[in-house]
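# Secondary and tertiary structure notes
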Amino acid sequence: MKLDLTDAELDELDTLLTQTPEPAEPLDAIMLDGYLCGVLVQPRIVPIEEWLPPIFDLETGTLPEGVDPAWLARCRSLIERRHAALNAALVDDGWFDPLVVDLDRSAPVSEYEPQVSEASRALMPWVAGFHWAQERFPGLLELDDDGVQLALSRLYRHLPAETDEDKEIIATLDREHPLADIDAGIEDLVHAVYDLWDQTSEARYKVETVRRDEPKVGRNDPCPCGSGKKFKQCHGRG
């Protein structure tokens, strides 16, 4: 596995993200973890120039102007290492250790908040980060694949249901695939992410065939530039 972040470096990264200049609203370390996995399971390889800026602002999906270059470089270094470690874990092991909320250290649940399982309380921020990746890069949502949709449902069961259809899906999953505790929730989450990664691998690494608008020029043919020379003696040299 690629050299992953230590606990101290994860804490450092979380602190660095809180230092993102206002009014930007950055992800925290747990949401970032889900976001990175949401990027990795896309049916295309998303370049860092696309996926890095949305980490720093949930409102605009862009990097704030005038940031400290040293701060940004340190953020990028730590984020890239976590991204690489997650990718390597999926490739080599089919497993990774997600960052989740420590319920023992979190605030008590208010009686006015929606009642959710402990697994969903612990995993909700991670899944919210994963969902943010799908908002920015909707490649998964555009796939007409029942396996992809099922895996997404297994993840989104941990988010508040927004429609009657969402409520029905969550109720079906809770009935047919109940999660006994947080450990079971983590295991199911990781397996769902791996299923998505596996189902999109072929598309992600597909090599596109280059189509030529004109027939291929032979080395002994006249150069298309009109010089009168053979192609090999003109633009075909080298």
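Rules of the game
Residues numbered from 1 in each chain as written. Predicted model: local features only at pLDDT ≥ 70, side-chain atom pairs only at ≥ 80, totals over all residues. Heavy atoms only, no water. 1 Å grid on protein atoms, 1.4 Å probe; cavity = no way out; pocket = protein on both sides within 12 Å on 5 of 7 lines; lining within 4 Å. Points joined across faces, edges and corners; volume = space filled by probe spheres on them. Helix = DSSP H or I, 4+ residues; strand = E, 2+ residues; numbered from the N terminus. Salt bridge = Lys/Arg side-chain N within 4 Å of Asp/Glu carboxyl O. Buried < 20%, exposed > 50% of the residue type's maximum accessible area, 1.4 Å probe, protein only. Patch = residues over 30% accessible without salt bridge, like charges linked within 9 Å, V, L, I, M, F, W, Y side chains within 5 Å. Areas by Shrake-Rupley, 256 points an atom, 1.4 Å probe, with all protein chains shown as cover. Lys, Arg positive; Asp, Glu negative; His and termini not counted. Charge placed at Lys NZ, Arg CZ, Asp CG, Glu CD.

Per an unreviewed UniProt entry, the protein carries the name UPF0149 family protein and comes from Aquincola tertiaricarbonis.

## Topic: empty space enclosed by the protein
Going through the model one piece at a time under the given rule, you end up with one cavity of 30 Å³ or more. Roughly 40 Å³ of internal volume is contained in the largest cavity. In terms of lining residues, the largest cavity is bounded by Leu-10, Leu-13, Ala-29, Leu-32, Asp-33, Leu-36, Arg-82 and Leu-99. Among the secondary structure elements, those contributing two or more residues to the lining of the largest cavity are helix H1 (7–18) and helix H2 (29–40).

## Observations concerning the pattern of salt bridges
Enumeration over the complete set of coordinates arrives at ten salt bridges. Its salt-bridge partner being Arg-82, residue Asp-33 comes within 2.6 Å of it at the nearest N-O pair. With Asp-33 in helix H2 and Arg-82 in helix H4 (residues 69–92), this residue pair connects regions lying 49 residues apart in the sequence. Looking at Asp-33, the relative accessible area reads 1%, which means it is buried. Asp-174 is the salt-bridge partner of Arg-157, the closest N and O atoms lying 2.9 Å from each other. Remark: Asp-174 occurs in helix H7 (residues 164–176) and Arg-157 occurs in the loop between helix H6 (146–156) and H7; sequence separation between them is 17 residues. Its relative accessible area of 7% is what places Arg-157 among the buried residues. Shared partners join several salt bridges into a network, and the residues in it are Arg-154, Arg-157, Asp-174, Asp-188 and Asp-195.

## Quick look at a negative patch on the surface
A cluster of acidic residues, Asp-102, Asp-104, Glu-118, Asp-181, Asp-183 and Glu-187, forms a negative patch at the surface. Its place among the elements puts Glu-118 in helix H5 (residues 118–136).

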